[in-house]
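# Fold and geometry: a report
These are the residues of each chain, in order.
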Amino acid sequence: MRVLLNSCTHRGAAVCQEPSGNARVFQCFYHGWSFTPEGELNGIPGKAAYSEAFDRHALRLREPPGGTSVYREFIFVNFNPANDVSLTDYLWDARDWIDLVADQSAGNMEVTNGTHSYTVRANYKLLVENSIDLYHLPISHKRYLDWLMDANALDRMETGLQRAWNDSSRFSPRDLGNGHSTPGRGRTTWGRPMAHWIPYFGKEREPRFREMYRQAVERLGAERAYQVCVCGGNVQIFPNLLINDLMSTNIRTYYPVEPGLVDISSWCLGPEEEEPEERALRLDNFISFLGPGGFATPDDIEAVEACQRGFDTVREVEYSDMSRGMKSTSPTERDELQIRAFWRQWARLMNAAEPVSIHAAPGP
Ligand code: FES
Ligand SMILES: [Fe+2]
């Protein structure tokens with residue numbers, strides 16, 4: 001596995017213009033320099049015009065200066081060589097949450113075909129907050145929850161919506177160290193293609209789901225299988241990766257374009273061994289809830305863009321408040337501990353007089 005920076009060593013153009021695919025050679029469209037998949041410069045139109053001092057090898061495509069590391073098939077790059085902490089130490093307790101996603105497959109989780117790409121007129125940090133904020137769920141997304149109730153798409157028989165949201169002991173927000181955090185993980189009331197059957201999926205699918213669950217118990221043990229298959233939760237990896245594992249599982253990245261504008265990409269993850277029927281259920285949920293035209297994401301975009309507009313008054317009205325649950329010794333997923341964990345790390349890095357190295361230590 002190799003990660004190359006997409007910047008031509010001739011005059012800087014982005015060499016690869018495709019979001020995905022395979023190529024034997026990467027040819028820059030500007031002046032036609034071409035590079036091997038290893039990054040070596042191997043083709044220069046009009047090569048004879050260059051002197052003997054021209055060092056082809058020195059002009060290979062660059063790799064991220066801090067290197068590339070992989071954890072459970074998630075690839076991370078480090079742009080700051082001063083931070084020589086290992087990826088496992090950087091991820092700290094967030095590793096457990098990645099494990100809960102990776103363990104959904106007997107082999108590997110795979111990215112399904114297709115990408116959701118959209119741009120939001122808000123600062124990226126508002127998206128981070130929104131993605132781990134479950135306080136807003138029954139308010140902003142009431143329309144979706146009502147629809148799920150009407151469609152009998154929630155596991156009412158076993159828990160019921162009210163109980164789900166009133167039983168705060170199920171989810172427990174956590175600061176996972178180094179700015180990573182989660183509103184917690186708990187039993188979800190909606191079914192999941194990952195072996196959690198509910199009547200909405202149809203009686204005919206029940207035996208198959210029960211069998212998938214049996215296999216998961218065999219592979220992972222009863223307690224772990226329950227956590228992996230029946231429970232769900234979001235985790236945000238500082239600063240701009242979210243793993244949303246509530247219904248379908250998706251990963252989302254945020255790349256700021258400017259202070260009030262952010263590009264978002266989102267992909268659905270599923271077990272590579274998943275059958276087409278379950279994959280269809282997964283994708284249906286991914287599109288209908290999390291898609292940019294789904295039930296939830298437009299609500300969320302409206303909310304964070306409204307915040308961004310509201311912050312125009314920042315000279316007159318200084319806020320945000322994220323103190324919910326501060327006095328509690330057992331905060332709930334609707335509290336804001338997980339949001340404070342992100343902002344504390346952000347403030348620590350931004351306010352430091354000197355560059356701060358990331359420590360292999362959990363947060364407070
Ligand atoms: S910028 Fe790439 S070949 Fe000139
Ligand atoms: Fe939301």
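Keep in mind that this is a model prediction, so the values were computed, not measured. (Residues numbered from 1 in each chain as written. Chains lettered and ligands numbered in written order. Predicted model: local features only at pLDDT ≥ 70, side-chain atom pairs only at ≥ 80, totals over all residues.)

## Quick notes on the overall build of the protein
- When its secondary structure is counted, the protein shows 11 helices and 14 strands.
- At 23 Å, the protein has a C-alpha radius of gyration in line with the 21 Å of a compact globule built from 364 residues.
- Expressed as lengths along the three principal axes of its C-alpha atoms, the size of the protein is roughly 75 × 55 × 35 Å.
- Relative to its 364 residues, the protein shows a buried fraction of 34%.
- Sequence separation of at least 24 residues holds for 61% of the intrachain contacts in the protein that already meet a minimum separation of 6. (Helix = DSSP H or I, 4+ residues; strand = E, 2+ residues; numbered from the N terminus. Rg over C-alpha atoms; globule rule 2.2 N^0.38 Å. Buried ≥ 20, exposed ≤ 12 C-beta atoms within 10 Å, placed from the backbone. Contact = placed C-beta atoms within 7 Å.)

## With respect to helix H8 (residues 222-230)
- Within H8, the full set of buried residues consists of Ala225, Gln227, Val228, Cys229 and Val230.
- Lining the buried residues of H8 we find helix H2 (94-102), strand S10 (186-187), helix H7 (206-220) and strand S11 (231-237).

## A look at the sheet that holds strand S1 (residues 26-27)
- Strand order in the open sheet formed by three strands is S1-S2-S3, and the pairing between neighbours is antiparallel. Each edge of the sheet is formed by a strand with only one pairing partner; in this case those strands are S1 and strand S3 (41-43).
- Inspection of the sheet shows strand S2 (residues 34-35) paired to S3 by two bridges, in the antiparallel sense. The residue of S3 that forms the bridge with Phe35 is Leu41. (Pairing = 2+ DSSP bridges.)

## Topic: the environment of Trp343
- With respect to the secondary-structure elements, Trp343 resides in helix H11 (residues 337-351).
- Through-space distance from the C-alpha of Trp343 to that of Val25 is 42 Å; in sequence the pair is 318 residues apart.

## Describing the nonpolar core
- In terms of nonpolar packing, the biggest core is built from 51 residues, with Ala94, Leu127, Cys229 and Val262 touching the most fellow members.
- If you look at the next biggest cluster of nonpolar residues, it comprises eight residues, including Val15, Phe26, Cys28 and Trp33. (Core = buried A, V, L, I, M, F, W, Y, C linked by C-beta atoms within 7 Å.)

## So, unusual backbone geometry
- At the junction of Phe238 and Pro239, the peptide bond is cis and its omega measures out at 0 degrees in the coordinates.
- With respect to the helices and strands, Pro239 occurs in the loop between S11 and strand S12 (241-245).
- If you check the backbone angles, Glu73 has positive phi at about 75 degrees while not being a glycine.
- By the element assignment, Glu73 lies in the loop between strand S4 (68-71) and strand S5 (74-77).
- The phi dihedral of Asn178 falls on the positive side, at around 55 degrees, and the residue is not glycine.

## With respect to the pairing of S4
- Summarising the sheet, S4 and S5 pair through four bridges and their orientation is antiparallel. For Tyr71, the partnering residue across the bridge sits in S5 and is Phe74.
- Taking the residues that link successive antiparallel strands as the turn, the S4-S5 hairpin has two residues, and the phi of Arg72 there is positive, at about 50 degrees.

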